[in-house]
Amino acid sequence: MGKQILIVEDEPRNLKLLRDLLQKFGYQILEAQDGEQGVKMAAEKIPDLILMDIMMPKMDGLEATRIIKADEKTRHIPVIALTSYAMKGDREKTIEAGCDGYIAKPVDIQDLLKTVKSYLTV
């Protein structure tokens, strides 16, 4: 059974692209369309990795990450920020919120796979 990755992404095309790509490499995929759903699913399923979009309705990815990292049950799960909102200081904001890594959109497939693999190797 492959490692489980939670993708928290509000854009259906991005979600499908990430899901299809990661499933090809044997990962099990969980999906959430916003930060609130992502926090709930992380606590229920305890995935091995979370790919977190930053700009989302209801609750953004930074707030969702703070909640996940504050919870004893989920704080150990690596969270990789996915964002096209590439402004000066964004990487620092994601790290301050508790994200373990950062990938800019549009996502470079090789970079994504290398980053995912690096967090999921024991």
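Residues numbered from 1 in each chain as written. Predicted model: local features only at pLDDT ≥ 70, side-chain atom pairs only at ≥ 80, totals over all residues. Heavy atoms only, no water.

> Help me out: how do you make sense of the environment of P12 in this one?
Structurally, P12 can be placed in helix α1 (residues 12-24). Relative accessible area serves as the criterion here: at 58%, P12 is assigned to the exposed category. Sequence separation of P12 and Q33 is 21 residues, and the distance between their C-alpha atoms is 8.3 Å. (Helix = DSSP H or I, 4+ residues; strand = E, 2+ residues; numbered from the N terminus. Buried < 20%, exposed > 50% of the residue type's maximum accessible area, 1.4 Å probe, protein only.)

> Mind showing me how you'd approach the sheet that holds strand β2 (residues 28-32) here?
Note: strands within a sheet are paired through backbone hydrogen bonds, in either parallel or antiparallel orientation. Here five strands make up an open sheet; going across it, the order is β2-β1-β3-β4-β5 and the pairing parallel. Where the open sheet ends on each side, the last strands, each with one partner, are β2 and β5 (101-104). Looking at each pair of strands side by side, their axes are set apart by 20° on average, direction ignored. Pairing of strand β3 (residues 49-53) with strand β4 (residues 79-83), which is carried by four bridges, proceeds in the parallel orientation. By the bridge assignment, L51 is partnered in β4 with I80. On top of the sheet, helix α2 (residues 35-45) reaches β1 (4-8), β2 and β3; it is set at about 165° to β1, its chief contact. (Pairing = 2+ DSSP bridges. Axes fitted to C-alpha atoms, helices over the stretch in contact; angles between N-to-C directions. Contact = heavy atoms within 4.5 Å.)

> In this structure, what is going on with the environment of E92? I would like to understand it.
With respect to the element layout, E92 can be found in helix α4 (residues 90-97). Taking the relative accessible area as the measure of exposure, E92 reaches 46% and is therefore partly exposed. For E92 and I68, which are 24 residues apart along the polypeptide, the C-alpha to C-alpha distance reads 18 Å.

> Honestly, α1 in this entry has me stumped. Any pointers?
For the α-helix, the turn length of 3.6 residues means that residues three or four positions removed from each other point alike. In this model, α1 (13 residues) spans 18 Å end to end at C-alpha, consistent with the 18 Å of a helix rising 1.5 Å per residue. Listing the buried residues of α1 in full gives L15, L18, L21 and L22. Down the axis of α1, the sector holding all buried residues measures 145°, keeping them to one side. For α1, exposure combined with an orientation more than 90 degrees from the buried face picks out P12, R13, L17 and K24. Considering only its buried residues, α1 is in contact with β1, β2, β3, β4 and α5 (109-120). Two residues or fewer after α1 comes G26, characterised by a positive phi angle close to 90°. (Expected span 1.5 Å × (residues − 1). Arc of directions from axis to C-beta.)

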